[in-house]
Amino acid sequence: MASIQLQSLAHRYPSAPDYALNSMQQNWSDGGAYALLGPSGCGKTTLLNIISGLLRPSEGRVLFDDIDVTDLTTEQRNIAQVFQFPVVYDTMTVADNLAFPLRNRGIAKNEIEKRVADVLQMLDLQDRASDRARSLTADDKQKISLGRGLVRTDVQAILFDEPLTVIDPHLKWQLRTELKKIHQRFQHTMIYVTHDQTEALTFADQVIVMYEGAVVQIGTPQQLFETPEHTFVGKFIGSPGMNVLSCEVDGSEAVFAGKRIPLDKAIDNPNARFELGIRPEHIRLSASEGMPLTVTALEDVGRHVIVRGEIAGTQLSALVKDGVAIPENPCVSFDSAHINLYADDYRVGSGRGD
Amino acid sequence: MSIQKVQNNKAWFMVMPVLILVAISAIIPLMTVVNYSVQDTFGNNEFFWVGTEWFEEILSSERFHNALLRTLLFSGLILAIEIPLGILIALAMPKRGWAVSVCLVLMALPLLIPWNVVGTIWQVFGRVDIGLLGHGLASLGIDYNYTQDNLDAWLTLILMDVWHWTSLVVLLCYSGLVSIPEVYYQAAWIDGASRWAVFRFIQLPKIKRVLLIAVLLRFMDSFMIYTEPFVVTGGGPGNITTFLSIDLVQMAVGQFDLGPAAAMSLIYFLIILLVCWIFYTVMTSYDNDEQSNGGGPQ
């Protein structure tokens with residue numbers, strides 16, 4: 001197990017004009033459970049492959065426990081990695097598949113047997129231990145891939161690259177819980193790549209949100225929800241995502257659709273593009289108080305109703321608890337303590353609570 | 001799991017065209033051979049029923065036994081050399097870049113040359129008086145003469161076949177190798193697998209199917225080889241390179257023994273069918289085991 005440091009790390013694929021990863025400086029602590037969250041193509045897998053050594057970064061260094069491993073091979077780094085799609089050794093049995101990484105490292109036979117039995121039990125595959133791997137379903141094959149990542153106890157870190165993509169939904173919950181348990185038990189440094197916010201938020205202590213090749217925020221699930229540091233984080237996390245509304249700033253007040261919203265400090269940046277961020281959860285609907293909302297759609301999502309509408313040509317969503325009456329011609333007001341102010345997509349301030 | 005299948009015999013009409021084609025192209029011509037194999041003729045279209053006499057004669061003749069053994073030995077050697085060599089070359093070929101095209105063209109070249117031309121090339125190439133190979137070896141002081149020495153004749157034929165046909169194995173294996181997703185190799189690096197383990201547990205299982213085709217094709221072709229040895233050695237020296245096909249032509253065309261030749265053709269055909277069936281059954285039995293266990297999607 002190790003802490004992972006990325007120093008001025010950047011990567012550009014040889015044939016591509018743009019950087020797949022922009023220069024970043026990261027320090028992830030030993031034994032942490034991290035999730036790399038972001039949309040497809042944001043550089044998550046590239047970053048993961050650089051950490052595991054499958055890819056050499058074009059710039060910068062990778063350090064494990066302050067030791068430079070940039071030039072070391074995957075094997076020398078002693079990393080376990082689980083891929084998006086199942087990779088099994090077809091001709092081997094399930095147990096042999098799990099034993100393979102251990103045998104390659106010359107671990108004693110009784111030790112191998114013990115660990116394989118452990119992992120088989122963790123993944124609920126005891127009955128299939130002596131079956132050929134190729135005869136399994138996609139779910140079970142992916143379990144084997146997971147198992148090969150978990151069977152080694154001495155690894156520096158375990159990396160997961162969207163490991164539950166091919167898994168059945170009900171099994172997903174079960175395996176995610178299992179991974180969480182394994183983390184608590186062994187305290188491995190785990191990095192989990194996903195584009196699914198639920199997966200990231202339930203698995204990780206710290207979520208690293210990536211967008212267009214850059215890390216835009218690292219934080220606990222609550223921080224990501226309350227104070228998104230980038231408009232993308234606000235939109236990406238939450239369902240529906242944060243409302244991002246164009247506004248103007250006048251001293252220590254933001255002006256949206258003629259309404260002045262007090263800020264926690266004066267902002268002096270005349271050339272920036274300002275936006276307000278407010279979560280649908282923090283918008284209040286009433287019959288008369290606030291700005292009039294033109295409702296365009298209502299979506300019942302079970303415990304809540306999503307009210308979609310427009311104010312002065314700007315799209316907006318609000319969340320209303322199921323059973324609460326929605327006025328005929330509603331007006332909206334913002335809970336100003338939960339407003340964030342963004343200049344050129346980055347957070348520069350917040351609303352002042354009353 | 002049992003699914004009720006709908007029985008509809010009209011489907012047979014759909015396969016009728018194929019059946020008719022196969023009948024005209026294969027079954028009816030084969031029947032004329034069957035016709036000859038059970039009768040004797042003295043010309044003038046007069047035939048006498050002899051039953052299984054020709055078959056018994058062929059099966060008990062030493063000449064047939066020897067030719068069969070020579071042919072089996074030849075095929076065995078060809079497979080033992082070309083299959084491993086083909087896999088090795090395929091593994092060594094580049095996977096991307098301009099070199100891929102160069103390698104593929106170089107590999108395909110021998111396959112494009114007609115059989116009798118290949119024979120002529122090697123017939124000349126190996127000649128001690130004017131051939132590059134023969135003369136070169138002679139000038140190195142090596143006593144090489146494929147027209148007189150049994151071993152030299154065999155070596156020349158095997159070398160020629162390896163030169164002509166290893167490419168086929170290479171191309172088939174290469175196509176299998178490039179279709180293996182990169183992630184398998186990445187997983188193997190993560191698991192700390194050795195180069196041998198990567199071959200044994202990833203590459204070999206993944207190219208097994210194309211390898212089966214390669215083995216079958218090379219067996220059938222080498223077992224039926226005629227043109228090249230006929231051009232190079234003509235079955236000699238003596239009859240040391242007289243394979244079944246050469247022997248058959250001598251019997252049918254040289255001696256005009258149509259009855260025994262027809263019987264021999266059928267036996268020859270059945271042997272090929274039998275060996276191919278054995279190969280196929282052995283090499284796919286493992287797959288079938290797996291599928292009957294209710295294998296999931298790949």
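Residues numbered from 1 in each chain as written. Chains lettered and ligands numbered in written order. Predicted model: local features only at pLDDT ≥ 70, side-chain atom pairs only at ≥ 80, totals over all residues. Heavy atoms only, no water.

Student: I keep staring at empty space enclosed by the protein and nothing clicks. Help me out?
Tutor: Over the atoms, a rolling probe the size of a water molecule traces out where space has been left empty. Considering all chains together, one arrives at two cavities of 30 Å³ or more under this definition. There is about 70 Å³ of room inside the largest cavity. Lining of the largest cavity is provided by A80, Q81, V82, F83, V87, S145, R148, G149 and R152 of chain A together with A187, I190 and D191 of chain B. Among the secondary structure elements, those contributing two or more residues to the lining of the largest cavity are strand 6 (79-82) and helix 5 (138-150) of chain A together with helix 8 (182-190) of chain B. Estimates place the volume of the second largest cavity at around 30 Å³. In this structure, the second largest cavity is lined by V88, Y89 and D90 of chain A together with Y184, F201, I202, P205 and K206 of chain B. It is helix 9 (residues 195-223) of chain B that contributes the most residues to the lining of the second largest cavity, four residues altogether. (1 Å grid on protein atoms, 1.4 Å probe; cavity = no way out; pocket = protein on both sides within 12 Å on 5 of 7 lines; lining within 4 Å. Points joined across faces, edges and corners; volume = space filled by probe spheres on them. Helix = DSSP H or I, 4+ residues; strand = E, 2+ residues; numbered from the N terminus.)

Student: Quick question: what am I supposed to make of the domain arrangement of chain A here?
Tutor: Put simply, an interface is often sized by how much accessible area is lost when its parts join up. All names here are of chain A. Each assigned domain of chain A is listed here: domain 1 (4-231) and domain 2 (239-346). Computed from C-alpha coordinates alone, the two centres of domain 1 and domain 2 are separated by 38 Å. In this complex, domain 1 contributes nine residues to the contact, which on the side of domain 2 involves 10 residues. Across the domain 1/domain 2 interface, buried area totals approximately 900 Å², and carbon plus sulfur atoms make up 53% of it. Where domain 1 packs against domain 2, one counts zero salt bridges. In this assembly, domain 1 and domain 2 are joined by five residue pairs in polar contact (both at pLDDT 80 or more). In terms of residue count, helix 8 (residues 221-226) provides more of the side of domain 1 that touches domain 2 than any other element does, three residues in total. Its residues placed into classes, the side of domain 1 that touches domain 2 shows four nonpolar, three polar and two charged. (Domains from an automatic or database assignment. Contact = heavy atoms within 4.5 Å. Buried area = accessible area lost by both parts, 1.4 Å probe. Salt bridge = Lys/Arg side-chain N within 4 Å of Asp/Glu carboxyl O. Polar contact = N/O pair within 3.5 Å; in protein donor to acceptor, adjacent residues only side chain to side chain. Nonpolar A, V, L, I, M, F, W, Y, C, P; charged D, E, K, R; others polar.)

Student: Quick question: what am I supposed to make of the layout of surface pockets here?
Tutor: Residues and elements named next belong to chain B. Considering only enclosed or pocket space, the largest pocket measures out at about 340 Å³ in volume. In terms of lining residues, the largest pocket is bounded by 14 residues, among which K95, E182, Y185, W189 and Q203 are the most central. Its residues assigned to classes, the lining of the largest pocket comprises eight nonpolar, two polar and four charged.

Student: It is not clear to me how the environment of Q7 of chain A should be interpreted in this structure. Could you clarify?
Tutor: All names here are of chain A. Assignment of secondary structure puts Q7 in strand 1 (residues 4-11). Taking the relative accessible area as the measure of exposure, Q7 reaches 28% and is therefore partly exposed. In this structure, the C-alpha to C-alpha distance between Q7 and L48, residues 41 residues apart in sequence, is 15 Å. (Buried < 20%, exposed > 50% of the residue type's maximum accessible area, 1.4 Å probe, protein only.)

Student: How do you make sense of the sheet that holds strand 20 (residues 314-321) of chain A when you look at a structure like this?
Tutor: Residues and elements named next belong to chain A. In space, the three strands of this open sheet follow the order 18-19-20, with antiparallel pairing throughout. Across the chains shown, the open sheet's two edge strands, defined by having one partner strand only, are strand 18 (294-300) and strand 20. Direction aside, the axes of adjacent strands within the sheet are offset by 20 degrees on average. As defined by bridge partners, strand 18 adjoins strand 19 (residues 304-311) across six bridges and the pair is classed as antiparallel. Bridging from a neighbouring strand, D300 pairs with V305 of strand 19. (Pairing = 2+ DSSP bridges. Axes fitted to C-alpha atoms, helices over the stretch in contact; angles between N-to-C directions.)

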